[in-house]
Every structure is written in structure tokens, then in C-alpha cells.
Amino acid sequence: MYAKVIVDVPARPTNRAFDYSIPEHMRELVAVGSRVGVPFGPRTVQGFVVELHPGTQLDPSKVKPIKTAMDLQPPLTEELVKLASWISRTYLCHEVTALQAMIPGALKAKYERHVKAAEPGASGLLPLLLPGQEEILAYVRRQETVELQSLMDKFADDAGLVKGLLDEGFLVEIQMVKDRMSAKKALTVFAPEDPSQLEAWLGELPAKAAKQREVLEHFIRQPEPMKLTDLLTELNLSAGSVKALADRGWLRIEEVEVQRDPYASRSFKPTSPLPLTPEQAGVYERIRDAVLSERQRVFLLHGVTGSGKTEVYLQSIQTCLDQGREAIVLVPEIALTPQMVERFKGRFGNRVAVLHSRLSHGERYDEWRKIARREVSVVIGARSAIFAPFTKIGLIIIDEEHETTYKQEESPKYHARDVAIARAAEHGASVILGSATPSLESMYRTTNEAAAAATPERPAFELLSMPSRVEGRPLPPVRIIDMREELKNGNRSMFSRDLYKAIEERLHKKEQIVLLLNRRGYATFVMCRTCGYVADCPHCDISLTYHQSSRAIRCHYCGYAERELSLCPDCGSEHIRHFGTGTQRVEEELAKLFPGIRVIRMDVDTTTEKGSHEKWLTMFGNRQADVLLGTQMVAKGLDFPYVTLVGALAADSVLNLPDFRAAERTFQLLTQVAGRAGRHQLPGEVYVQTYTPEHYSIVSASRHDYMGFMRKEMMMRRLHNYPPFHRLVLITLSHEQVQLLIRSGEVLAARLKELAEDRRDQGVELEVLGPVASPISRIKDRYRFQCMIKYRGDQDIAQIVEQAASVLEDAVKTQKLTVSIDVDPQLLM
DNA sequence: AGCACGCCGACT
DNA sequence: GTCGGCGTGCTC
Ligand SMILES: [Zn+2]
Ligand SMILES: [Zn+2]
């Protein structure tokens, strides 16, 4: 038997399967999707088995055997292996990178090189050792095996001697491929199955063995096995007494694999399906029928905030589970709060696994294993949960589908929405894309125009709408405030007079306020007030940001840091201003304007600590503060019944960015934050401060008019050939020398145009923009240039891009040029 | 990506 | 004459 293996060497020439023979004793352990250790040239690397064959095309004597089988059960299903290949072709990444993205971090390869001393005389030579080598050899003999790196470190001055010992065979190398996961084991105490036995033994105990008595009594009360550490703390004992009982053979202590359940300590109130409104019921029935049909269907569910999408999700999942199939729910990381988890655990109990980045390696692995072992049938998680190794998926839900976090910024640069659709095709599953502000890309695919161009790979979407709020409360009125007028009237503060009054009123009535400040345009920086000098990173084309906590200024891209300045390096002035985050400034101003105001500030500075995000929200929910002030992150999350005022302080700060999605982002953010006000009994109000009050994204958001915004924005996009009408591929090149970079960029652009021209008769038509300098033109001393390709979405141009990029292969190899390809980029940086 | 093999400059 | 520089090419 032979296995085709994708090796863990992410490079162009190795981006293909290599054949290995499967030793007889490994037959049972090697399957499609297993990880294996294989010899690759002079070293040993990890690989993924992607195919099994009875024979090989190669000269069998050239084929080496697999060295180690790393899994008892393959961590990837055949479907996921196939999906990895699709991802690598679609997003132009190495296949192994796609495979790696599908397994939990704990299983990522770790390479260790160990050495041991050769058997004496094995080399057949009299040991002709250099001075010092004998010492090294003796050290290794004492340790039996030593990790090569630690040996090199220990004898750092004589690294050459170590190398010599290796070359001459006095030391032999053992290469190991490991993963970071050693299943966590805990000593567990077991009582005999017959509890009456324990009572009998109780009598046999010497009177003074009080502690041992306690242990036996415990197991009479609770015969279930218990972790030793838990037992010791509960009964306040030392291990000796338990050990003594085990020595008598009365109790058994064994190492048992533990599963960490991060939610074990929480109890979830079981909930039952709620009655649906006619609107919800109509939507639910469409989804139910699709799930039951077991065919791929994609729904775009446009539901205003508060329209009760979650209940529709829950009941649709129930349908899917009743059918014996599984469900995946994706939620933006920031919205994956305990409250959100609770809604799913409350309904489906321990059939739910939760995957998110705040779990430790081990916790994540445990949740993942519950999925792999089919102990659960629902997964809720952030982007990468789309790779849950289920085998019978019936439903995939992507909540807040417009969120950019569903696009991975590192390779593989996949979009979870597209991966979901690909998996749904394979499983005959339905996909629900839910949002109050659907992305234009998704909306476009519900149109007749898109339906006409639909392919199995890019199916049309079906639009479902939930335009009314469940509790019937209207969306809050939104007031646009023209900050130019304020300026004219001499108000230079961040608060307009109207917003000021509104805040004052809420404070008086003891109601709560949410204030939003987009981060862009209010970034932190350091400036000399005398000469205007701004501290820039010496390695990147970006200003340094001020970190109040460490009193340092640092670069967000390369980590370069220096102490805060006291003198201007240019003019020597002492008038240096360290601008904190925008929110920090707002906080200061609030304190000045409203003495005694209680403000919770949520931004990158205050939410880095694990769990802090939730802590602040809980505090605010308990009315321990008057104002919740923050960036994007306050736009999401909980319902706060006492919030009656929402203020967007600089609504247009995103609009000024050179990004064709700026209007869409602005609209989404304003709509989302407006949904925070007046969700319960008390009526709410929203104030939007802006310097561009006439902009359609702001006007439409103030009217809660998604369709109006969407039509206008569609027109703009069509006019400029932007997505969703055309698709984009962004190719970014980086190198230390600008000249080489420009030359490479030009070669690439020319090659792209040439290849497109060659295929003109096959309907290929693409526009190549650039090369131009990237918006951030230098990072870590490397300059960056980019080419943008625009093309009609019905073409498959991946192969052309791939081929064109290969002309740079030489420069990549010999000159350290880097090429990064982003298909359907979300950020044009 | 690594790592070995192989062919030219400045050292004992 | 040799040590080591990194260009070139391969890995089942
Ligand atoms: Zn200055
Ligand atoms: Zn930098």
C-alpha cells in the first residue's frame, strides 16, 4: 500500500503530494487525513495523507516508507482533505497551509532533533577525539538522549565539536516529529464497584487512621471516581492517606485522560423553543424545508436588530438535529460572549461544543475532540470553526455575515462564507447568512443577474426578510448633527450642544448612555507642538503609537519601541504631546464636562486582559456606570434595558479612508450601534455627529433604511467596477530594495496582461492596476508594492494569477522577494 | 523551506 | 594546497 502525502514544507516546489509506502504494521493507522512523519531528503517532516493507492507510478525502490503514524484516528475527514485542496486552488496558498488551518493548534507539528551516543566501536575506529569532545560525549552518555539545540547551547563555545561528533558518527541523531498535545492526564481515584465492601473495610481500619476513614466514607457517599487533586482539596488531606488505601488494594489510583470543559462550572438554564411570530415562522419553514431536502441551499436572512433571528437559528438547528445531522454556527469572535453561548447550551445542552480563540491550546483541543468523536452535534465558534470535522452537516449558520472577521488575513486567506458554501455542497446542507446589514457581495447574489450567472461553485442565494422587531418597539429615532455648524458657532469640543444636553438629561434620569468612537482618525500618536514633528517608526511607514500603560511609544507592525519622548528630537522643544487613544480623550472630556460621571471605557487598551471585555459589559449591565464608551466593540453585544441614548461621536471617520467599502462600513457600524438604544420599555434616541451629514450612508442609517442604502451603494459599485460586480485579487510584493520591487511588479503586471491576452478567446478579461506603493509602503524595513486585478466574477482566474506569479519565483528564491496573494481582499493594505 | 553538493577567493 | 563562501537543485 502507498500513501500520497502532502509534506509540511510550505514552498512552491514541494506543493504537491509525495508517495510513501506504508509499512505492514502501520496499515491500520494510516488513513486519508492522518498525520505521518516521513523522511524528506535528509530530514524528517510531518505530512498529511491525502490519498491511498495499491501501487505507485514511481520506481518502487525510490519510494521510502512512512516513519511514524501520528494519530490513532485521522484528525481530518476525507471531505476536509478535499476541501483543503479546493482552498489551495481557490485562494492560491500551499495545500499544507490549508490542511494546517483545519487542525487545532495543539496538533501543529513540532520538530525536535535529539542525539544519543553511538554504541562504542560502532564506527569501527579508534576514537580520535579532539580535546573537549570526550567531555561532550560523556555528557550525552549520561543523559542518554539530549535535544540537539540544548546540547549546542550548553557547549555553545564548541558548537563545531558537536558538529564533528555528529559527522563522524560518535553521536547519532534521532529526529522526532511531535505535536504540542500530550493528552492531559490526571491521577484519578477509583472505589471498588461494590460499596458494601467499603463499609466492611471501614471496620478494619486502625482507630487512629482518621484521615483514611474520611476517604472511605467519602467514597461510600459518592462512589464515582474522583480526581486525586480534587479529593485532596475537598477533604483537606495529604496524598499519603489515599496512597495508603491504594497500597492496601482498597482503592485504585490510575492516570486518566482528562477533558477540560471550560463551561463545566457554569450551569445553563434549559430553555424550550419560543413561539414564533408569523414572520419568524415563515422564514423558519423555508429553512426547515431546505434542511429536510438535504440539498445545498444558501439563504441570506436579512433581519433588523431585534427581529428574533437567534430563535429562528435555534429552531432550524433543532430540525437539523432531529434529522440526525449536525450544525455549525459561526459568530464573530467579539460576539461570542458567555450570553451567546448560553443561548445555545440552554437549548441543546451538552450537545454543543464551543471554539474560540480565548480558550487555551488544551481547552480548544478538548472541544475539538468532542466534535471529532461525535460527542456533540452543534459547534459554535469563530471563523475557524467552519472546519469542524463533522461528517453529516445539515446546517451552517453564519451570523452577522457582513463582518470582515470572516476573512482570514493570513494564509490561507479564506472567507468562511465561501468555505461554508463549499462544505454545504458536499454535505447537502443549507447555509443561513444572517445580518441586519447584509454585505453587498451577498446581497448581489440574491439578484436575478447573479442567479443567471450562478454555477455549482457559486450558487445563487435566496433572500429571506424579517423587517419587524419581535417586541414591536420601533427602531429609535436618529438625529444627525452637523458638526460644521457647531464649529461655526464656536463649539470646538467633541460634543455638540445637543448631545451634551441629551447626556445631561440621561444622567439626571439615571438612564444609561453608549458612546461610540471609531478608532480610525483618532489613532494614538506623538507630536511636537512647536514644530509639528511626529514620531515615526524607523523601520515602517507608519507613526508610532503611544501606550499609556508602559509609557512607551511603539510600532504596531514591527514591535519597535522607545521610551516616551520628553524633548523633540527635531527642535528640542519640551512641548511634546502624547495623544492617547481617542476614547481616552473623550473620557477626559466627559469627566471635565460632567463631574462625577461614571464611564467604562472599552478599547484595545482596556480589553487585552482575558475576560475583561465581559467584565466591563457585566458592570455596565449592572448599572455600575453611566456611560459605556468605546470603539466598534460597544456596537455589539448585550441588550441593556436602561440604555436610552446612543451617540456616535465621529460617524464619518471611516468614510475618509481610501477604501471602496468605506460607505458600507459606516452604514453597518451606525446601524449596529443604533440598535443598542431603546430595546426594552424605555424609548431610545440616537445622535450621530458628522462633518458630512449629507452622505448617503449616514442619511440612510439615520432612517434605518438598508434597502435605500444598498441600492445607492450598488450603483456606485457598478459605476466603478468594484465588487460585487467585479472581483479583486490583490498581489503584494515586498523587498528591501525599491528598485527590485518596482521591476518585479512591472514584470508581474506585464505577465498578467500577456496571459490574459492569450486567453482572450476563452472569455478572459481582466484589468491590472499597478504596480503602485501599498498604503503602508514599508514594514520592517521592507518596501511594499501591490498590483490589483479586477475581473468579472464569472471567470476563474486563479490559474492565470498562479502562473503569472511564477515568473517571480527566481527572485523569491534568490533575492528573498516575498509575494502575497489575496483573493477577494477585505482590506486593501 | 532546508539541506547537500559543488565550484571559486583568501588563508595556513 | 585547504577552508568556507553561497549559487543550484532536489526532496517520494
Ligand atoms: Zn519639535
Ligand atoms: Zn515598525
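Residues numbered from 1 in each chain as written. Chains lettered and ligands numbered in written order. Predicted model: local features only at pLDDT ≥ 70, side-chain atom pairs only at ≥ 80, totals over all residues. Heavy atoms only, no water.

As annotated in an unreviewed UniProt entry, chain A carries the name Replication restart protein PriA and comes from Paenibacillus mucilaginosus. Word for word, the UniProt comment on chain A under Sequence similarities (unreviewed entry) is "Belongs to the helicase family. PriA subfamily." In UniProt, chain A has this text filed under Function (unreviewed entry): "Initiates the restart of stalled replication forks, which reloads the replicative helicase on sites other than the origin of replication. Recognizes and binds to abandoned replication forks and remodels them to uncover a helicase loading site. Promotes assembly of the primosome at these replication forks." (UniProt positions renumbered as here; feature names shortened; annotations may be inferred.)

With respect to topology, five strands assemble into an open sheet ordered S2-S1-S4-S3-S5, the strand pairing being antiparallel. The open sheet has two edge strands with one neighbour each: strand S2 (17-21) and strand S5 (68-69). Bridging between strand S1 (residues 2-7) and S2 involves five bridges; their strand directions are antiparallel. Paired with Ala3 across the two strands is Tyr20, which belongs to S2. Its contacts with the sheet put helix H2 (residues 95-102) on S1 and strand S4 (43-53), and the angle it makes with S4 is roughly 90°. (Pairing = 2+ DSSP bridges. Helix = DSSP H or I, 4+ residues; strand = E, 2+ residues; numbered from the N terminus. Contact = heavy atoms within 4.5 Å. Axes fitted to C-alpha atoms, helices over the stretch in contact; angles between N-to-C directions.)

Time to look at the protein's contact with DNA strand B. Residues in close proximity to DNA strand B include Val9, Ala11, Pro13, Thr14, Pro42, Arg43 and Lys813, which together make up its full environment. The protein-proximal atoms of DNA strand B, defined as those within 4 Å of the protein, are 44% sugar or phosphate. A distance of 3.2 Å separates a base nitrogen of DNA strand B from a polar side-chain atom of Arg43. Lys813 has a polar side-chain atom sitting 2.7 Å from a base oxygen of DNA strand B. Here the surface near DNA strand B is composed, by residue class, of four nonpolar, one polar and two charged. (Near = heavy atom within 4 Å. Polar contact = N/O pair within 3.5 Å; in protein donor to acceptor, adjacent residues only side chain to side chain. Nonpolar A, V, L, I, M, F, W, Y, C, P; charged D, E, K, R; others polar.)

Before going further, it helps to spend a moment on the pairing of S1. The buried fraction of S1 amounts to five of the six residues, a majority that puts the element mostly inside the structure. By the bridge criterion, six bridges tie S1 to S4 in an arrangement that is antiparallel. Considered in S4, the bridge of Val5 is made with Val49. (Buried < 20%, exposed > 50% of the residue type's maximum accessible area, 1.4 Å probe, protein only.)

Turning next to the sheet that holds strand S16 (residues 393-399). Spatially, the seven strands line up as an open sheet ordered S14-S15-S13-S16-S17-S12-S18, and their pairing is parallel. Edge positions in the open sheet fall to strand S14 (352-355) and strand S18 (462-466), since each of these has one partner strand only. With strand direction ignored, the average angle separating the axes of adjacent strands in the sheet is 15°. Relative to the sheet, helix H11 (residues 309-322) contacts strand S12 (297-303), strand S13 (326-330), strand S15 (378-381), S16, strand S17 (430-435) and S18, its axis offset from that of S16 by approximately 165°. Most of the contacts of helix H14 (residues 416-427) go to S16, to which it runs at about 165°, and overall it touches S12, S13, S16 and S17.

Attention shifts here to the protein's contact with DNA strand C. Residues in contact with DNA strand C amount to 14 residues; listed here are only the nearest, Arg16, Asp19, Pro39, Gly41 and Lys64. Sugar and phosphate atoms constitute 43% of the interface atoms of DNA strand C, taking the interface as everything within 4 Å of the protein. Between DNA strand C and the protein, one listed contact pairs a base nitrogen with a side-chain N or O atom of Arg16 at 3.0 Å. A distance of 3.3 Å is found between a phosphate oxygen of DNA strand C and a side-chain nitrogen or oxygen belonging to Tyr20. Of all the elements in the fold, those that place two or more residues in the surface near DNA strand C are S2 and strand S3 (35-40). Among the elements that line the surface near DNA strand C, the one with the most residues is S2, at three residues. Across the surface near DNA strand C, the residue classes break down as seven nonpolar, two polar and five charged.

As recorded in UniProt, the sites labelled "binding site: Zn(2+) 1" (unreviewed entry) are Cys528, Cys531, Cys568 and Cys571. A compact arrangement is adopted by the annotated residues: their sequence extent is 44 residues, whereas the largest C-alpha distance between any two is 8.7 Å. Structurally, Cys531 is set in the loop between strand S21 (525-528) and strand S22 (545-547). Within the secondary structure layout, Cys571 lies in the loop between strand S24 (561-563) and strand S25 (576-579).

With that settled, consider the coordination of the zinc ion (ligand 2). At 2.2 to 2.3 Å from the zinc ion (ligand 2) lie its protein donor atoms, namely Cys537 (SG), Cys540 (SG), Cys555 (SG) and Cys558 (SG). Of note is the zinc ion (ligand 2), whose four donor atoms meet at the metal with angles of 106 to 114° in an arrangement that counts as tetrahedral. Within one chain, the residues serving as donors to the zinc ion (ligand 2) are arranged as C-x2-C-x14-C-x2-C. Of the two residues, Cys537 sits in the loop between S21 and S22 while Cys558 sits in the loop between strand S23 (552-554) and S24, which places them 21 residues apart along the sequence. On the basis of relative accessibility, which here comes to 24%, the residue Cys558 falls in the partly exposed class. (Donors = N, O, S within 2.8 Å, 3.2 Å for Na, K, Ca; no water. Tetrahedral: all angles 85-135°; square planar, octahedral: opposite > 155°, others 65-115°.)

Protein coordination of the zinc ion (ligand 1) is provided by Cys528 (SG), Cys531 (SG), Cys568 (SG) and Cys571 (SG), with donor distances spanning 2.2 to 2.3 Å. Viewed at the metal, the four donor atoms of the zinc ion (ligand 1) are separated by angles of 107 to 112°, and the geometry they form is tetrahedral. Donor residues binding the zinc ion (ligand 1) come from one chain and are separated in sequence as C-x2-C-x36-C-x2-C. A residue pair is termed long-range when its members are at least 10 positions apart, and Cys528 in strand S21 and Cys568 in the loop between S24 and S25 qualify at 40 residues. Each of the two residues, Cys528 as well as Cys568, counts as buried.

The linkage connecting Pro723 with the following residue, Pro724, adopts the cis geometry, with an omega of 5°. Checked against the element boundaries, Pro724 lands in the loop between helix H23 (706-719) and strand S30 (726-735). Between Gly770 and the following residue, Pro771, the backbone shows a cis peptide bond with an omega angle of 10°. Checked against the element boundaries, Pro771 lands in strand S31 (residues 766-779).

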